[in-house]
Amino acid sequence: MRADRLVATLLVLQARGRVTAAELAAELEVSVATARRDLEALSTAGVPVYPQPGRGGGWSLVGGARTDLSGLTSAEARALFLLAGPAAAVAPPIRSALLKLVRALPDTFRADAEAAADVVVVDAARWGERDRDRPELVDLLQDAVVRRRKVAFRYASRGGAESQRLVDPLGLVDKDEVWYLVAGTDKGQRTFRVDRITGAEVTGQVAERPPGFDLSREWERVVGAVEQRRSLLSATVLIAERVLPVLQDHFGRHCEPLETLADGRVRVRVAAPMALSIAEKLAGWGAAVEVLEPEPVRAELARLGAELVARYGPA
């Protein structure tokens, strides 16, 4: 968040020419002391920002100097607006922020940036699937992360058992339309599904943030651990080449093509937490899929097949 504030501070200076620490604090919704530290940080970093004391004084860029939005190239500015543009259609704060950014861009970049904001629409819902609403708790948790305040809430485990938690919120992640809270607890860092959180309340206690914490790096670790649990058992199968794209969609990263045989079939390695999980995803393909190994997966397929024959086969 500090880097975001510094960029915002620079944009305000470019747009207004001169501001006081109090005016900047009001604009960015931070304390006056924080605004002053950010201005001093820009000056220390070599940005030509200087203070002028007395009535009518304030902070300004030396000689009215300007920067291309913190050094953005034309291509980078377009990329920024291509990314943010779709979200602006449904989020008024993002739309407002984009308008401010457009005004801060150099004239030579402005037209391309404005056009880029309108060329992409993102529809995250799959065909036949309803739009998923963003959980109301996300805003509350985001506020707690930004203000560094502990959060108390009730949490339901996968089995439904509820427990009371008091955590240091560190960040939020939206993965495949499911929101997760990464937080510090008395037992170390944990990840909580937001849709299992109830009765959340931001407390007045200051949250602790580990030195050097990086949300992206932490989430990569979480994903790696989860994916490892999801691939405890692997199986080798032979499939028709036309089936491969569907199998890759079902198993995701846990579907690895190995080789194409002379008869056109593809040997593939797939993985899941247990034999039944693999068998359930393959059973619908009937003879189009042949499991070479391991035996537990073959046995589960045989069991499923026998159950289907017993239920739907001829009397």
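Above this text is the structure in question.
A. Quick look at the side chain of Thr236. The topology assignment puts Thr236 in strand 9 (residues 233-240). Judged by relative accessible area, Thr236 falls into the buried class, the value being 8%. Side-chain polar atoms of Thr236 contact the side chain of Glu293, separated by 2.5 Å. Once residues lying within four places of it in the same chain are set aside, the contact partners of Thr236 are Arg267, Val268, Glu290, Val291, Leu292 and Glu293.

B. The nonpolar core, seen in detail. Core analysis: the largest hydrophobic core is formed by 18 residues, its most contacted members being Val237, Ile239, Leu247, Val268, Val270, Ile278 and Leu282. Broken down by secondary-structure element, the contributors of at least two residues to this core are strand 9, helix 9 (244-251), strand 11 (265-272), helix 10 (275-282) and strand 12 (289-293). Per-element accounting of this core gives the leading share, four residues, to strand 11.

C. Representation of the packing of aromatic side chains in the model. Tallying each qualifying case throughout the model produces four aromatic pairs. Measuring from centroid to centroid gives 5.3 Å for Tyr180 and Trp219, while their planes differ by 45°, and the two rings are tilted. Of this pair, Tyr180 sits in strand 6 (residues 178-185) while Trp219 sits in helix 8 (residues 215-229), placing them 39 residues apart in sequence. For the residue pair Tyr180 and Trp219, the accessibility class agrees, reading buried in each case. An aromatic cluster of at least three residues, connected via ring pairs, comprises Phe153, Tyr155 and Phe192. Its end group placed over the ring of Phe251, Lys281 keeps NZ or CZ at 4.8 Å from the ring centre.

D. Spotlight on helix 10. Of the positions making up helix 10, those classed as buried are Ala275, Ser277, Ile278, Ala279 and Leu282. Packing partners of the buried residues in helix 10 comprise strand 9, helix 9, strand 11, strand 12 and helix 11 (295-312).

E. Expanded view of unusual backbone geometry. Note the cis peptide between Glu293 and Pro294, where omega equals 10°. With respect to the element layout, Pro294 can be found in the loop between strand 12 and helix 11. With a phi close to 55°, Arg148 is a non-glycine residue in the positive phi region. One can find Arg148 in the loop between helix 7 (137-147) and strand 4 (149-156). A relative accessible area of 44% means that Arg148 is categorised as partly exposed.

Reading the values: rules and limits
Residues numbered from 1 in each chain as written. Predicted model: local features only at pLDDT ≥ 70, side-chain atom pairs only at ≥ 80, totals over all residues. Heavy atoms only, no water. Helix = DSSP H or I, 4+ residues; strand = E, 2+ residues; numbered from the N terminus. Buried < 20%, exposed > 50% of the residue type's maximum accessible area, 1.4 Å probe, protein only. Polar contact = N/O pair within 3.5 Å; in protein donor to acceptor, adjacent residues only side chain to side chain. Contact = heavy atoms within 4.5 Å. Core = buried A, V, L, I, M, F, W, Y, C linked by side-chain atoms within 4.5 Å. Phe/Tyr/Trp six-rings, centres within 6.5 Å; stacked < 30°, edge-to-face > 60°. Lys NZ or Arg CZ within 6 Å of the ring centre and 35° of its normal.

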